[in-house]
Amino acid sequence: DYVSRMQKGQKVIYYMAADSKKSAATAPFVEGLIKKDLEVFYLTEPTDEVSMANIGKYKDYEIADVSKDDITLDEEDEKKKEEAAEEFKLLCDFIKKTLKDKIEKVTVSNRLTDSPCTVSTSKFGWSANMERIMRNQPMQDSRAAEYMRGKKIMEINPEHPLIKSLKEEILANQESKKAKVISELLYETSLLTSGFMIDSPKTYAQKVYSMISKAVTKPSKAAKPQEKKEPELETVTPDAIEESKEN
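Let me sum up the structure you'll find in this document.

Thresholds applied
- The residue numbering used here restarts from 1 in each chain and proceeds along that chain's sequence as written.
- This being a predicted model, a pLDDT of at least 70 is required before a residue's local features are given, and a value of 80 or more before pairs of side-chain atoms are given or counted; all residues contribute to the totals for chains, interfaces and linings.
- Each side-chain value is worked out from all heavy atoms of the structure, with water and hydrogens disregarded.
- The patch calculation keeps residues exceeding 30% relative accessible area without a salt bridge and links them within 9 Å when they carry like charges or within 5 Å when they are nonpolar (Val, Leu, Ile, Met, Phe, Trp, Tyr).
- In these tables, accessible area is a Shrake-Rupley quantity obtained with a 1.4 Å probe, and a residue counts as shielded only by the protein chains included in the view.
- Salt bridges are defined as contacts in which a side-chain nitrogen from Lys or Arg sits within 4 Å of a carboxyl oxygen from Asp or Glu.
- Counted as positive: Lys and Arg. Counted as negative: Asp and Glu. His and the chain ends are not counted at all.
- Charge placement uses NZ in Lys and CZ in Arg. For Asp and Glu, CG and CD serve respectively.
- Under the DSSP-based scheme used, a helix requires at least four consecutive residues in state H or I and a strand at least two consecutive residues in state E, with every element numbered from the N terminus.
- Three labels apply to residues, based on accessible area from a 1.4 Å probe with only protein chains included: buried if under 20% of the type maximum, exposed if over 50%, partly exposed otherwise in between.
- One bridge is not enough; two strands pair if DSSP finds at least two bridges between them.
- To define axes, lines are fitted to C-alpha atoms, for helices over the stretch in contact only, and angles between the resulting N-to-C directions are given on a 0 to 180 degree scale.
- It only takes one pair of heavy atoms within 4.5 Å for two residues to be counted as in contact.
- Here the angle decides the label: under 35 degrees means roughly parallel, over 145 means roughly antiparallel, 65 to 115 means roughly perpendicular, and every other value means oblique.
- Ten residues, namely Ala, Val, Leu, Ile, Met, Phe, Trp, Tyr, Cys and Pro, are considered nonpolar, four, namely Asp, Glu, Lys and Arg, are considered charged, and the remaining ones, Gly among them, are considered polar.
- To estimate how far a helix should reach, multiply one less than its number of residues by 1.5 Å.
- Under the rule applied, a polar contact is a pair of N or O atoms within 3.5 Å (in protein, one hydrogen donor and one hydrogen acceptor; residues adjacent in sequence only if both atoms are side-chain atoms).
- Side-chain rings of Phe, Tyr and Trp (the six-membered ring for Trp) are treated as a pair once their centres are within 6.5 Å; stacked means planes under 30 degrees apart, edge-to-face means over 60, and tilted covers the remaining angles.
- Counting as a charge over the ring demands two things of the Lys NZ or Arg CZ atom: a distance within 6 Å of the ring centre and an angle within 35 degrees of the ring normal.

## A few points about a positive patch on the surface
Piece 1. A cluster of like positive charges, contributed by Lys97, Lys100, Lys102, Lys177 and Lys180, occupies part of the molecular surface.
Piece 2. Note on placement: Lys180 falls in helix α10 (residues 177-193).
Piece 3. Of the residues examined, Lys180 reaches a relative accessible area of 32% and is grouped as partly exposed.

Put into C-alpha cells, the structure is as follows:
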C-alpha cells in the first residue's frame, strides 16, 4: 500500500486530484515530489478529493493536497526558497503589479523542476480540480461558488531559464512592455497546466500567435534607394560640328 512505499522520513501523504491519471502525473505540482522519489496518490474520481480532505490525517501521517500553496518538502529546500525569494523579489512584485487582482500573490517555488511557473490555490478554497467539477454542476449557486474558489497564488521557478531572463529584463527596465506581455502569457499558460480554465481562450491564442509571429518573422531589410544615373554626355568634336553645318 501507499505507506509501505513511502520514503524513509516521509511524514506526509501527498495526493493530486485530476480528471485522469496522466493529467495528475504530469501536473507541475508533482515535479519536485517525483524528483525526490516521494509517493503521490493520483485521484481521478470526483468524490476522491472530498474524501481525502475530510479524512485529514491517517495514523501519524498528515494528508496534503499538492495543488495547494502550503506544501513543504524539506528544511533544506525551504532555506533555498528563502534565499531565492530575496533575489527574485523585484520580479515577484512586478508580476503581481501586472496581473493585479487575478492573483493574491507571487511566490518563489521549491517544487518545480521543469515548469517555469504554476498556479496553486489557498489552503481552504477549491482546488483547480474541484473548481472544474463544481463548474459542471447544474443549478449551482454562483455566489457560493465565487466564495469557495481558492485564491490563486502564482509560483515561479527560480532555476528556469525563462524566469531568469524575465528577471534580467525587469532589472534593465521596470516598465518593460515586453515583460508585461510575457508575465501575462506565463500566468495564463500556467493556469492551463495547473488545471484551470482561462477566461478568454481567443485572447490568449492571439497573444501566443503574436509571440510566434515575432519569433519566426525576420525583419525586412530596408530597400536601398536606387541611384539615379546621370545621362552620358556625347563627346562633340570640331569635325562633327562642321559636318552638322554642311547638313
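## Quick look at the sheet that holds strand β5 (residues 105-108)
Across a sheet, strands are paired by hydrogen bonds formed along the backbone, either parallel or antiparallel in direction.
Piece 1. Strand order in the open sheet made by the 3 strands is β5-β7-β6, with mixed pairing throughout. Strands with a single pairing partner mark the edges of an open sheet, and in this sheet they are β5 and β6 (117-121). Neighbour-to-neighbour, the strand axes of the sheet open up by a mean angle of 30°, direction not taken into account.
Piece 2. Of the strand pairs in this sheet, β6 and strand β7 (residues 152-156) are connected by 5 bridges, and their pairing is antiparallel. Bridge pairing in β7 links Cys117 to Ile156.
Piece 3. The strands touched by α10 are β6 and β7; relative to β6, the strand with the most contacts, the crossing angle is about 60°.

## Describing the sheet that holds strand β4 (residues 61-65)
Piece 1. Taking strand neighbours across the sheet as the criterion, the 4 strands line up as β2-β1-β4-β3 in an open arrangement whose pairing is mixed. Each edge of the sheet is formed by a strand with only one pairing partner; in this case those strands are β2 (40-43) and β3 (57-58).
Piece 2. Bridging between strand β1 (residues 12-17) and β2 involves 4 bridges; their strand directions are parallel. Residue pairing for β2: Met16 is matched across the bridge by Tyr42.

## Things to note about the packing of helix α6 (residues 89-99) against helix α9 (residues 161-172)
Piece 1. Closest axis-to-axis distance for the α6/α9 pair is 9 Å, and the angle between their directions is 85°. Classified by the interaxial angle, the pair formed by α6 and α9 is roughly perpendicular. Where α6 approaches α9, its residues Leu90, Leu91, Phe94 and Ile95 are matched on the opposing element by Ile163, Leu166, Lys167, Ile170 and Leu171.
Piece 2. Per-class residue counts for the contact of α6 with α9 are 8 nonpolar, no polar and 1 charged.

## Overview of α10
Piece 1. Helix length check: α10 (17 residues) gives 25 Å between terminal C-alpha atoms against 24 Å at 1.5 Å per residue, within 8%.
Piece 2. Along α10, the residues classified as buried are Ala179, Ile182, Ser183, Leu185, Leu186, Tyr187, Glu188, Ser190 and Leu191.
Piece 3. Contacts made by the buried residues of α10 are with α6, β6, β7, α9 and α11 (201-216).
Piece 4. Positive phi shows up at Gly195, right after α10, with a value of about 100°.

## As for the side chain of Ser120
Piece 1. Locating Ser120 in the fold gives a position in strand β6.
Piece 2. We classify Ser120 as buried; its relative accessible area is 0%.
Piece 3. Within the structure, Ser120 has its side chain in polar contact with the side chain of Glu155 (distance 2.8 Å).
Piece 4. If near-sequence neighbours (up to four positions away) are discounted, Ser120 is found in contact with Phe29, Ser67, Lys68, Asp69, Arg111, Lys151, Lys152, Ile153 and Glu155.

## Some thoughts on the packing of aromatic side chains
Two aromatic rings, taken as a pair, are described by how far apart their centres are and by the angle between their planes.
Piece 1. Under the counting rule described, the total for this entry stands at 1 aromatic pair.
Piece 2. Note on Tyr2 and Phe41: the rings are 4.6 Å apart at their centroids and 20° apart in plane angle, and the pair reads as stacked. A residue pair is termed long-range when its members are at least 10 positions apart, and Tyr2 in helix α1 (residues 2-5) and Phe41 in strand β2 qualify at 39 residues.
Piece 3. A relative accessible area of 5% means that Tyr2 is categorised as buried.
Piece 4. Take Phe41: its relative accessible area is 32%, and that puts it in the partly exposed class.
Piece 5. The ring of Phe88 carries Lys167 above its face, with NZ or CZ at 4.9 Å from the centroid.

Any functional reading would require information that these geometric values do not contain.
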